[in-house]
Amino acid sequence: MKRVLLIFLMGLWALTLLGAGEGITITKKMGIVILPGKVGQGWNMDEVDHLIAILEEKALELGRFRVYPREDLKKILEEQKLAMAGITDENVISLSKIAGAQYALLLTLTHLDAQYNEDYDGYTATARMSIKLYDVGNGELLAAERFERQTFFPADTYDEAINEVINYLADDILVTLREFFKLEARVAATRGNRVYLVGLDPKLVRKGYIFEVENEFGETGYLKVIGYDRKRGYVIAEHMYGVFPEIGASVKEYPMYPYKGALGVGMYQGAVSFGVSGWGTVEGSPFNLFVNAGVFLAQFGEYVPFYSTLGLRLPMLTFGRIQTALLSGLSVVGIVNVETEESLHAFGLGVGVSGEYQFTPKSGLYIEVFQHFFPNPISVISPSFFNVTVGISLSL
């Protein structure tokens with residue numbers, strides 16, 4: 001239990017650090033080259049290659065970049081008598097121009113390490129690095145960001161932990177790139193609640209993408225992509241809430257990621273509980289994966305009760321800013337000795353409903369009502385209990 005909570009909380013903390021500036025807007029694919037700069041403590045070329053390979057793969061999956069292949073880049077470096085690692089700010093622009101890229105991403109790899117933790121039987125891996133993003137055409141430094149990941153992994157070996165933290169680091173970098181290179185479109189027509197967008201390549205846009213519109217008074221509204229009209233070149237969106245766009249208005253991508261989480265305070269038989277809930281989309285499925293976990297701020301002797309559920313979330317009715325869903329899954333409830341970590345637990349089923357009032361698509365007020373059933377309960381816990389949690393939801 002202690003180890004699971006540590007993994008979740010460290011992951012949540014790391015995700016809240018992500019972000020980028022206003023960036024630039026794009027309407028078609030951009031050419032980008034990813035270059036390794038200085039290599040610091042703990043990094044070797046295999047790990048550098050692993051990170052760049054992941055970044056290239058994810059950048060291509062995102063669909064808005066043309067990535068210059070590493071093998072071709074190695075040939076250019078050989079011709080320029082430069083090493084694959086150690087590219088500096090002075091030669092990054094000239095190399096990128098030879099490669100024909102519009103943008104260059106220079107990686108400075110600072111620190112990489114993993115330490116075995118006997119208390120939790122796994123590794124705490126740490127990775128630190130920074131990136132610089134250049135406009136190759138004029139040599140301008142567009143952005144500079146630092147990244148740090150420190151996460152616990154119940155991994156069997158040092159190498160597994162290192163690979164995992166590199167994977168997470170690559171995800172963080174791609175999140176920042178998507179925040180920086182936002183899609184932009186123009187409103188061509190409206191019909192009822194539908195908005196028809198033009199001015200960008202429909203191949204760059206996926207169903208579920210959200211766009212933001214702002215009027216002259218600074219009021220915002222949000223649109224969700226629901227389809228395409230290939231003949232007319234339209235991207236079809238549905239107005240969610242907020243300001244409705246005028247014809248000719250410019251709309252910008254509002255990057256959302258497949259996971260949301262909520263922190264909340266609840267009640268159980270007069271005892272206050274503190275819990276977290278999280279859910280994420282499953283591609284091609286109407287369901288979301290759902291998980292919640294919490295502890296009750298009460299004790300039975302030296303034991304503290306806890307609960308957790310893993311299951312599915314089915315989005316239901318939507319009323320403007322209000323989103324509702326059905327919840328169900330396998331539940332576990334138990335008690336743990338805070339001194340010895342000895343625990344007792346029982347398994348059962350849980351069903352519930354959730355509601356979210358969105359301030360924006362990334363944040364809102366959250367309420368969750370859950371009923372747990374346990375056919376073989378432990379002595380100090382009821383065979384069923386009703387838990388209500390109210391808190392704040394955030395996009396992760």
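Computed from a prediction, not measured in an experiment: that's the story for all the values here.

Participant: When you look at the overall build of the protein in this model, what are you seeing that I'm missing?
Facilitator: Secondary structure assignment for the protein yields five helices and 20 strands. By the burial criterion, 47% of the 396 residues in the protein qualify as buried. Considering only residue pairs separated by 6 or more positions, the protein has 60% of its internal contacts joining residues 24 or more positions apart. Total accessible area on the protein is roughly 19700 Å²; 55% of this is exposed by carbon and sulfur atoms.

Participant: Would you explain the sheet that holds strand 5 (residues 122–135) in this entry?
Facilitator: Note: strands within a sheet are paired through backbone hydrogen bonds, in either parallel or antiparallel orientation. If you trace the five strands from one edge of the open sheet to the other, you get 3-2-4-5-6, paired in mixed fashion. In this open sheet, the two edge strands, each paired with only one partner strand, are strand 3 (65–67) and strand 6 (141–153). Strand-to-strand, the axes of this sheet are offset by a mean angle of 30°, without reference to chain direction. Two strands pair when backbone bridges link them, and strand 4 (residues 103–117) and strand 5 are joined in this way by 14 bridges, in the antiparallel orientation.

Participant: Looking at this structure, how should I read the pattern of salt bridges?
Facilitator: Oppositely charged side chains may form a pair once their charged atoms are brought near each other. Taken as a whole and judged by the stated rule, the model has eight salt bridges. We note a salt bridge from Glu253 to Arg178, for which the minimum N-O separation is 2.8 Å. Remark: Arg178 occurs in helix 5 (residues 158–180) and Glu253 occurs in strand 12 (residues 250–253); sequence separation between them is 75 residues. On the accessibility criterion, Glu253 (2% relative accessible area) is buried. Between Glu179 and Lys362 there is a salt bridge whose closest N-O contact spans 3.4 Å.

Participant: Mind showing me how you'd approach helix 3 (residues 70–79) here?
Facilitator: Of all the residues in helix 3, the buried ones are Leu73, Ile76 and Leu77. The arc enclosing the buried residues of helix 3, seen along the axis, measures out at 100°, which places them on a common side. Facing away from the buried surface of helix 3 by more than 90 degrees, the exposed residues are Glu71, Lys75, Glu78 and Glu79. Looking at the packing, one finds that the buried side of helix 3 touches strand 2 (30–41) and helix 4 (89–99).

Participant: Explanation requested: the packing of helix 2 (residues 45–62) against helix 5 in the structure shown.
Facilitator: Packing of helix 2 against helix 5 brings their axes to within 9 Å, and their N-to-C directions diverge by 40°. Relative to helix 5, the element helix 2 is oriented oblique. In the crossing of helix 2 with helix 5, the sense of the turn from one axis to the other is right-handed. Facing Glu47, His50, Leu51, Ile54, Leu55, Lys58, Ala59 and Leu62 of helix 2, the residues of helix 5 in contact are Ile162, Asn163, Ile166, Asn167, Ala170, Asp171, Ile173, Leu174 and Arg178. A per-class count over the contact of helix 2 with helix 5 returns 10 nonpolar, three polar and four charged.

Participant: Would you explain the nonpolar core in this entry?
Facilitator: The nonpolar side chains of a soluble globular protein tend to be buried with one another. By size, the foremost hydrophobic cluster in this structure holds 57 residues, and its most contacted members are Leu51, Phe65, Leu105, Leu107, Met129, Leu197 and Phe211. The element best represented in this core is helix 5, accounting for 10 residues. Apart from residues lying up to four places away in sequence, Phe65 is in contact with Lys29, Met30, Ile32, Ala59, Leu60, Leu177 and Phe181. Among the nonpolar cores identified, the runner-up in size contains 16 residues, and Val33, Tyr68, Val92 and Ala104 belong to it.

Conventions used here
Per chain, residue numbering runs from 1 following the sequence as it is written. Owing to the predicted nature of the model, reporting of local features is limited to residues with pLDDT of at least 70; listing and counting of side-chain atom pairs is limited to 80 or more, with chain, interface and lining totals taken over all residues. Values reported for side chains reflect all heavy atoms of the structure, with hydrogen atoms and water molecules removed beforehand. Each helix corresponds to a stretch of at least 4 residues labelled H or I by DSSP, and each strand to a stretch of at least 2 residues labelled E; elements are numbered beginning at the N terminus. Under the scheme applied here, a residue whose accessible area is under 20% of the maximum for its type counts as buried, over 50% as exposed, and between as partly exposed, the area being computed with a 1.4 Å probe on protein chains only. Residues count as neighbours in contact if any of their non-hydrogen atoms are within 4.5 Å of one another. Using the Shrake-Rupley algorithm and a 1.4 Å probe, accessible areas are obtained, with residue cover drawn only from the displayed protein chains. Any two strands with at least two DSSP-identified bridges between them are counted as paired. Think of each axis as a best-fit line through the C-alpha atoms, taken over the contacting stretch in the case of a helix, with angles from 0 to 180 degrees between the N-to-C directions. The term salt bridge refers to a side-chain nitrogen of Lys or Arg lying within 4 Å of a carboxyl oxygen of Asp or Glu. Each direction from the helix axis to a C-beta atom contributes to the arc, which is the arc of those directions. Every angle not falling under 35 degrees, over 145, or within 65 to 115 is termed oblique; those three ranges are roughly parallel, roughly antiparallel and roughly perpendicular. Here a crossing is taken to be left-handed if its near helix is turned anticlockwise relative to the far helix by less than a right angle, and right-handed if that turn runs clockwise. Polar here means any residue other than Ala, Val, Leu, Ile, Met, Phe, Trp, Tyr, Cys and Pro, which are nonpolar, and Asp, Glu, Lys and Arg, which are charged; Gly is therefore polar. Throughout this description, the term nonpolar core refers to a set of buried Ala, Val, Leu, Ile, Met, Phe, Trp, Tyr and Cys residues connected via side-chain atoms within 4.5 Å.

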